[in-house]
Structure formats: C-alpha cells, structure tokens
Amino acid sequence: MITQLFRRCYRSIITVTYILFYAQAVQAQNVNDSLIRRIDSLEAKMARIERRIGHPEPQRRTQTRSSLESGRYGGFVVADVFNTKLTIGGFVQGDFIYDIKQPGAKDAFTPSFIPISNEDKGQLTFSPRQTRFTIASASETRLGQLTTILELDLFNSNGTAVPRLRHAWGQLGKWGGGQYWSTFMDIDVFPNILDYQGPNAMVLVRQVQLRFTQPLNKKSTLALSVENPGSDTRFPVDSGLNSRALFPDVVAQYRYNFSSASHIQLAGLFHPVTYDNYIRREKTNIGWGFNLTGVVEVSAKAKDNVVCQATYGQGIARYFNDLGGQGYDAATKNRTEAENIPVLALMGFYDHWWSDKLSTTIGYGYLKLDNKSYQPGIDFKSTQYGVVNLLYYPSAFVKVGIEYLYGKRITIDNQYGDNSRLQFSTMYKF
C-alpha cells in the first residue's frame, strides 16, 4: 500500500516537473521568436534608413534643363523624422566658352547685349557660375502637404562667384508664397541646352508672389497669383517722370496635361505701369499679355519632344529673358507721359535622344518690339537666338556637352550686331 502511494506521488512529481519544464521551454521559444521578430524589424528599418541616406540612382533624363530648373532632378535625403523629409541636391558645373565676336555678356548668351557692328575679336571665358545648391523639404500636416525650397547659385549681378538667391518658396496645400518662377511662365518649355540665359523669347522671371492652385480634374489645374509690383521703364533724367510700385501684377494660368510628358498651358497677365509726372500726379498704364506654351512628346520610346511658346502683350517687356532690366515696358513721349510698348515672342525647340546617353537639341527664338515713332534709333527692335548641341550622359549624375549658339540684335534704325559662340560644359550632380 505504501509502495503504491509512493509510486503515485513519484509519478505526479515527474509529471508536474515535465509540465513546468515544457512550459518554460515554450515560453523561452516565444521569447526567442519575439526577439527574432524585433531584430528583423530593426534590420528592415536600418535598411530603409541606409537607402534614404545613401545616394539613390536618379531616373534617366533628370539632367535635362527643364528638370534642373523645376527641381525635378532630386537629391539625397538627409533626414526623415516627424513626418518631414529634408533633401539636399544641386550640381557643380564648369562652362568653357569661346565667342567669335565681341559678346557683350560673357557668362550667358544674351543677344540684346551684343554690340552693334561688333568686331571679330574672339574672347575666351571660363566660369563656374551655373553651380547650384538646393535644400528642399516635404512635411505631412493636418492641412495638407507642406513643401519648401531654398535654392542658390553663383549668378549674382556683380559678376563674381558669390551666392545669389534663386528660390525661397513654401507651399501648404493649394497656397504658396515666397520667391519662385512667375505663374505667367512655363518652366517645362526650357529646352535642353547648356547656355545659362536660355532662349531670348522665353518668358523667364522669378517673382515674389502669393499663389493659389486649384485642381479642376485629374488632368487640369487653374492657378491665380498676385506678384511683384513695379514696372521696368526708363525715364529721362530731366523729364520729371518717376516710376512707382503701387499695384501688384495679377496672373491667371490654365494648364491641361495630356500625359505625364505632354501638356498645353495658357496664362494671362495684368501688369500696371505706374509713374508720377512732373507735377507729382500719379498715372497708371495697364499692361497686359497672354502666353501660350506647350510640350508635345514626339516619341514615347525615345522620349523626344517639342517645346514651344507664343507670347504677345503690351508693357510686359520685363518678363522676357532678353529684355528684363532694360526699361522697355514703356517709352517716354514728349517727356510728359509714357506709353506701353507692344511685344511679340515666338520660339520652338526639338529635343532628340539618340540613346539613353546621347541627346541633341536644336531650335530658334524670335523677339520683337513694336516700337514707337519717337523712340531713339539705337533702341532695341528685335533679336534672334539659335542653338544646336550634342550632350553626353556617362552616368545619371554626370553630363558633358558641346553647344553652338548664334545671336543677332537689330536696332530701330536697322543697325545690327551678331555673334557665334561655342560652349563646352561639364555638370556633376550631388
């Protein structure tokens, strides 16, 4: 009897001990599985961080000029915390330029600066001034996505390689404010060229502005902006006329996207030209203009495209690449009043890709003022701009190329100056 009781107790102890050891083993296995899952999760997070910090390989053709100017060339992420991604990008560029005649402007090809009857005196210019640095951010907020961009280059007005502000822009949802490309222009029609200045006839200006953009459907948007006040008019020193910045410019823009690579855009501009006369009486001329632009993808496989622009208006010369800052919004009549000057601009360029690593751009721009009869004969009448190049992309981060440019300037009295330029450039992205 005692023996049987002892055996039962022994078996019970063995059973309980086995159950305890088994439970402990199962618990240990669960702990190990939990640790493994946590380690796997941490490794996955580290891999994502490494991919973000590391330099991602950008998509092909992000080195095109329109991509560079609009910020689509990207960069590398240096931080991604608190729903905010901070990106640094830019490029280093060296330009090696030879002008066959006197150019007027050395670092950028500007036909309106070409001297009249310029001599065949060649000039060599080496410049790093296209080099650019960009800091951008994107944040998710309750009010929508917040994006900012701060961009500098070396093209300051004094001709030295000192940083200059290009863009200082922020946008929250549909509202944006700061300095950015004018709503009147279309940066996507910038042809794929090496010249910093770009086509003479292109509407190209950065403006301090407040902008509202409303998507109308999946393919179209409507944008409205209030932009920099003031005009670009030359008044004779002894005329008693003085320019004033009293009313802002107002722009409306409609854009329709046929695809990710093709679109058409129409923008309208209201540009007040305000000045005081000799008895300090304020007067305002209403400047206005329309800008029709488009990008047409010719070959989806080769990514060939055509970019074009047609612009007409009165008193809007400061918006054009070849006229800004030269005082041609209006002309002074009898030293007592100013009249707006009509302007017409046309341009078209074809971007052709021979392969993923080789491309050519060819095109032409024409810009003309409908001058007043009382303007001096030496004043600007028209300019022409032609370009052809061959660009090579040894990697997604490097671009080299050679380019031929031709420009011609004609004055009201039909005198002219022209120049041919050869430019070799190297660009290294970061």
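The structure reproduced in this document is the subject of the present report. (Residues numbered from 1 in each chain as written. Predicted model: local features only at pLDDT ≥ 70, side-chain atom pairs only at ≥ 80, totals over all residues. Heavy atoms only, no water.)

Considering the side chain of Glu 151
- Assignment of secondary structure puts Glu 151 in strand β5 (residues 144-153).
- Within polar-contact distance, the side chain of Glu 151 engages the side chain of Thr 134 at 2.7 Å. (Helix = DSSP H or I, 4+ residues; strand = E, 2+ residues; numbered from the N terminus. Polar contact = N/O pair within 3.5 Å; in protein donor to acceptor, adjacent residues only side chain to side chain.)

Some thoughts on the environment of Gly 327
- Its place among the elements puts Gly 327 in the loop between β14 (304-314) and β15 (330-333).
- Taking the relative accessible area as the measure of exposure, Gly 327 reaches 3% and is therefore buried.
- Distance from Gly 327 to Arg 234, taken between C-alpha atoms, is 4.7 Å for residues 93 residues apart in sequence.
- In this view, Gly 327 contacts Asp 232, Thr 233 and Arg 234; residues no more than four positions away in its chain are not counted. (Buried < 20%, exposed > 50% of the residue type's maximum accessible area, 1.4 Å probe, protein only. Contact = heavy atoms within 4.5 Å.)

Quick notes on the pairing of strand β19 (residues 380-395)
- Bridging between strand β18 (residues 358-369) and β19 involves 9 bridges; their strand directions are antiparallel. Note that in β19 the partner of Leu 358 across the bridge is Tyr 392.
- Direction of pairing for β19 relative to strand β20 (residues 398-411): antiparallel, over a ladder of 13 bridges. Following the sheet pairing, Asn 389 is matched in β20 by Glu 403.
- Here β19 folds back onto β20, and the loop between the two strands holds 2 residues. (Pairing = 2+ DSSP bridges.)

Description of the packing of aromatic side chains
- The final tally for this structure, using the stated rule, is 14 aromatic pairs.
- Centroid distance Phe 96 to Phe 424: 6.3 Å. Interplanar angle 35°. Geometry classified as tilted. Taken together, the positions of Phe 96 in strand β2 (residues 84-99) and Phe 424 in strand β21 (residues 416-429) put the pair 328 residues apart, joining distant regions of the chain.
- Take Phe 96: its relative accessible area is 32%, and that puts it in the partly exposed class.
- Judged by its relative accessible area of 38%, Phe 424 is partly exposed.
- Every member of this aromatic cluster is reached through a ring pair, and the members are Phe 96, Phe 126 and Phe 424.
- Positioned above the aromatic ring of Phe 155 is the side chain of Arg 129, whose terminal nitrogen or guanidinium carbon lies 4.4 Å from the ring centre.
- Here the basic side chain of Lys 408 rests over the ring of Tyr 416, its NZ or CZ set 4.6 Å away from the ring centre. (Phe/Tyr/Trp six-rings, centres within 6.5 Å; stacked < 30°, edge-to-face > 60°. Lys NZ or Arg CZ within 6 Å of the ring centre and 35° of its normal.)

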